[in-house]
There are 2 protein chains.
Amino acid sequence: MIEVTYTNKYCQFSRAELVARLQANLSSHRFEHCVRVEQTALQLAQNLPNVDLEQVSIAALLHDYAKEVSDDRFLEVIKTNHLDPDLTNWGNFIWHGVVGAEIIADELKITDDGILTAIRQHTVGAPKMSVLAQLVYVADYVEPARNFPDVTYVRTLAQADLGAAVSYETKHTLSYLLTNNKAIHPQAIATYNAWVVGR
Amino acid sequence: MIEVTYTNKYCQFSRAELVARLQANLSSHRFEHCVRVEQTALQLAQNLPNVDLEQVSIAALLHDYAKEVSDDRFLEVIKTNHLDPDLTNWGNFIWHGVVGAEIIADELKITDDGILTAIRQHTVGAPKMSVLAQLVYVADYVEPARNFPDVTYVRTLAQADLGAAVSYETKHTLSYLLTNNKAIHPQAIATYNAWVVGR
């Protein structure tokens, strides 16, 4: 286990306090997923220059902080915080990232834009993603409990070339949605056009 | 061959004159494709109530009228006609529909919005498509020279349920683009979300 000691640069809570807040808000299976994503993101980050492990730990731990928030509350926050009204046409899968970041900023007093953007982008990515955002996006996809045919390959790919793993994840998630006639958010296509096309 | 006599309601030219204009602007293989799309759209239209065969003939014949226009001219029309500047990020595949409709309106004096919209939408569809637009979109996909594994099935589907053929075409075109790492226009996803998801 990689345990990062927080300096209060990004968050007024210690890691233990943040973990307690997370645990209080999530069912145990999802809480454990968040810790696995944190550990996976930290492992991937160790290979990379200029990454702040404290930022990685916070963003990865909190990426699903709002996953069990009610639809009514998300719709309320969209209205109160004057977010894009088109968001109301989507559901929990989109809201827990973009709207979740607002809730996290509010409840946990996190103001660091790098962390909040990584959380916003963890569901459908973005044409431009920081290394921090890529780490959360990919760690969420390959954490140890994930199980899909090529997962071992993608774990190796993520260690060798994080951007290539972003590309793989983007393409295969879209392919899954398309095969199953599930809604695709326009930003997922913007991510695909930037990270997959011509790569 | 289904030959529609024009009444000048939509176009100042006779069908023969329009065909001559089309032929002058296209290589022979593409001109012949346009005539096949017209015939296919007219055949499909014969099953449907409240469809104006003259409108179908014009829209289907002209759908690729601008397909061999130069990139420079398309870029010029985007600028002159104040079209969405994001169009400049795309290429002939998108331009010959959306920008092509402007060229058709200008050169052939076609002002009927039903016809121009069907031409605009024939490449990536739209969440809401008129029956006319669906006819051009589907006929372009299943005209007799098209050849893909399920083409016979889709031809039968198009006769039985035009909307189901729109759905099939939308999903399978996206699947082809995704498999081949080709750019996907956001409107193709809007079409997918409207015509495929939950259908």
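Preceding this section is the structure that the text describes.
This section reports on the structure supplied with the text. (Residues numbered from 1 in each chain as written. Chains lettered and ligands numbered in written order. Predicted model: local features only at pLDDT ≥ 70, side-chain atom pairs only at ≥ 80, totals over all residues. Heavy atoms only, no water.)

What about the overall build of chain A?
For clarity, the cut-off: Runs of H or I in DSSP of at least four residues are treated as helices and runs of E of at least two as strands, each being numbered from the N terminus. All radius of gyration figures rest on C-alpha atoms, and the globule criterion is 2.2 Å times the number of residues raised to 0.38. Throughout, exposure labels follow a simple rule: accessible area from a 1.4 Å probe, protein chains only, divided by the maximum for the residue type, with under 20% read as buried, over 50% as exposed, and the rest as partly exposed. Here a residue-residue contact requires only that any non-hydrogen atoms of the pair lie within 4.5 Å. Surface exposure here means Shrake-Rupley accessible area, sampled with a 1.4 Å probe, where a residue is shielded only by the protein chains that are shown. When charges are counted, neither His nor the chain ends are considered; positive counts come from Lys and Arg and negative counts from Asp and Glu. Here the site of a charge means NZ on Lys, CZ on Arg, CG on Asp, or CD on Glu.
The helix and strand tally for chain A stands at ten helices and zero strands. Reading the helices (α) and strands (β) of chain A from amino to carboxyl end gives α-α-α-α-α-α-α-α-α-α. At 16 Å, chain A has a C-alpha radius of gyration in line with the 16 Å of a compact globule built from 199 residues. C-alpha atoms of chain A, sized along the principal axes, occupy 40 × 40 × 30 Å. Here chain A holds 199 residues, and 53% of them are scored as buried. For chain A, long-range pairs separated by at least 24 residues make up 62% of all intrachain contacts whose partners lie at least 6 apart in sequence. Carbon together with sulfur atoms contributes 51% to the accessible area of chain A, which is approximately 9100 Å² in total. Within chain A, the 23 negative side-chain charges are centred at a point lying 3 Å from the centre of the 16 positive side-chain charges.

A short note on helix α2 (residues 28-45) of chain A
Defined as follows: Any helix carries an expected span of 1.5 Å times its number of residues minus one.
Helix length check: α2(A) (18 residues) gives 26 Å between terminal C-alpha atoms against 26 Å at 1.5 Å per residue, within 8%. Most of α2(A) sits out of view: 13 of its 18 residues are buried.

Some thoughts on the pattern of salt bridges
Residues and elements named next belong to chain B. The test is simple: A pairing counts as a salt bridge when a side-chain nitrogen of Lys or Arg comes within 4 Å of a carboxyl oxygen of Asp or Glu.
Counted by the stated rule, this structure contains 18 salt bridges over all chains. Two residues, glutamate 38 and arginine 15, come together in a salt bridge whose shortest N-O distance is 2.8 Å. Taken together, the residues span a long stretch of sequence, with glutamate 38 in helix α2 (residues 28-45) and arginine 15 in helix α1 (residues 15-25) at a distance of 23 residues. Take glutamate 38 and arginine 15: they sit in the same class, and that class is buried. Glutamate 102 serves as the salt-bridge partner of arginine 120, at 3.7 Å between the closest nitrogen and oxygen. With a gap of 18 residues between them, arginine 120 in helix α6 (residues 113-121) and glutamate 102 in helix α5 (residues 92-108) connect regions that are remote in the sequence.

Regarding helix α7 (residues 131-142) of chain A
Residue and element names in this part refer to chain A. Taking 1.5 Å per residue as the helical rise, α7 with its twelve residues ought to reach 16 Å, and the 16 Å between its terminal C-alpha atoms agrees with that figure. Summarising burial for α7: eleven of the twelve residues are buried, a large majority. Turning to α7, its buried residues number three or more, namely Leu132, Ala133, Gln134, Leu135, Val136, Tyr137, Val138, Ala139, Asp140, Tyr141 and Val142. Looking at the packing, one finds that the buried side of α7 touches α2, α3 (53-62), α6 (113-121), α8 (151-160), α9 (162-179) and α10 (186-195).

Quick notes on the nonpolar core
Rules: Residues belong to a common nonpolar core when they are buried Ala, Val, Leu, Ile, Met, Phe, Trp, Tyr or Cys residues joined through side-chain atoms within 4.5 Å.
Judged by nonpolar contacts, the single largest core of 150 residues is most densely connected at A:Leu62 and B:Leu62. When residues no more than four places from it in sequence are discounted, the contact partners of A:Leu62 are A:Leu18, A:Leu22, A:Ile104, A:Leu108, A:Ile110 and A:Ile119.

A word on the relation of the copies chain B and chain A
Inclusion rule: Superposition of the copies used a least-squares fit over C-alpha atoms from residues whose pLDDT is at least 70 in both.
For the pair chain B and chain A, the best superposition has an RMSD of 0.0 Å and corresponds to a rotation of 180° with a translation of 0.0 Å parallel to the axis. This pairing of chains is accounted for by a two-fold axis. Minimal C-alpha separation from the rotation axis in chain B is found for B:Pro186, amounting to 3.0 Å. The share of interface residues of chain B whose copies in chain A are also at the interface is 100%, consistent with both copies meeting through the same surface.

Some details on the packing of α7(A) against α9(A)
Residue and element names in this part refer to chain A. In plain terms, the rule: To get an axis, a line is fitted to the C-alpha atoms, and for a helix only the part in contact is used. The angle between two axes follows their N-to-C directions and goes from 0 to 180 degrees. Working definition: roughly parallel below 35 degrees, roughly antiparallel above 145 degrees, roughly perpendicular at 65 to 115 degrees, and oblique for all remaining angles. Left-handed describes a crossing whose near helix is turned anticlockwise from the far helix by less than a right angle; the clockwise case is right-handed. Each residue gets one label: Ala, Val, Leu, Ile, Met, Phe, Trp, Tyr, Cys and Pro are nonpolar, Asp, Glu, Lys and Arg are charged, and the others, such as Gly, are polar.
Put simply, α7 and α9 touch, their axes get as near as 10 Å, and they point 50° apart. The angle between α7 and α9 falls in the class oblique. Between α7 and α9 the crossing geometry is left-handed. Of α9, the residues touching α7 (which contributes Val131, Gln134, Leu135, Tyr137, Val138 and Tyr141) are Leu162, Gly163, Ala165, Val166, Tyr168, Glu169, Thr170, His172 and Thr173. In terms of residue class, the contact of α7 with α9 is made up of nine nonpolar, five polar and one charged.

Side note on the packing of α1(B) against helix α3 (residues 53-62) of chain B
Residues and elements named next belong to chain B. α3 packs onto α1 with a crossing angle of 10° between their chain directions and a minimal axis gap of 11 Å. Here α3 runs roughly parallel to α1, going by the angle between their axes. Between α1, through Arg15, Leu18, Val19 and Leu22, and α3, the contact on the second element is made entirely by Ser57, Ile58, Leu61 and Leu62. Looking at the contact of α1 with α3 residue by residue, the class counts come to six nonpolar, one polar and one charged.

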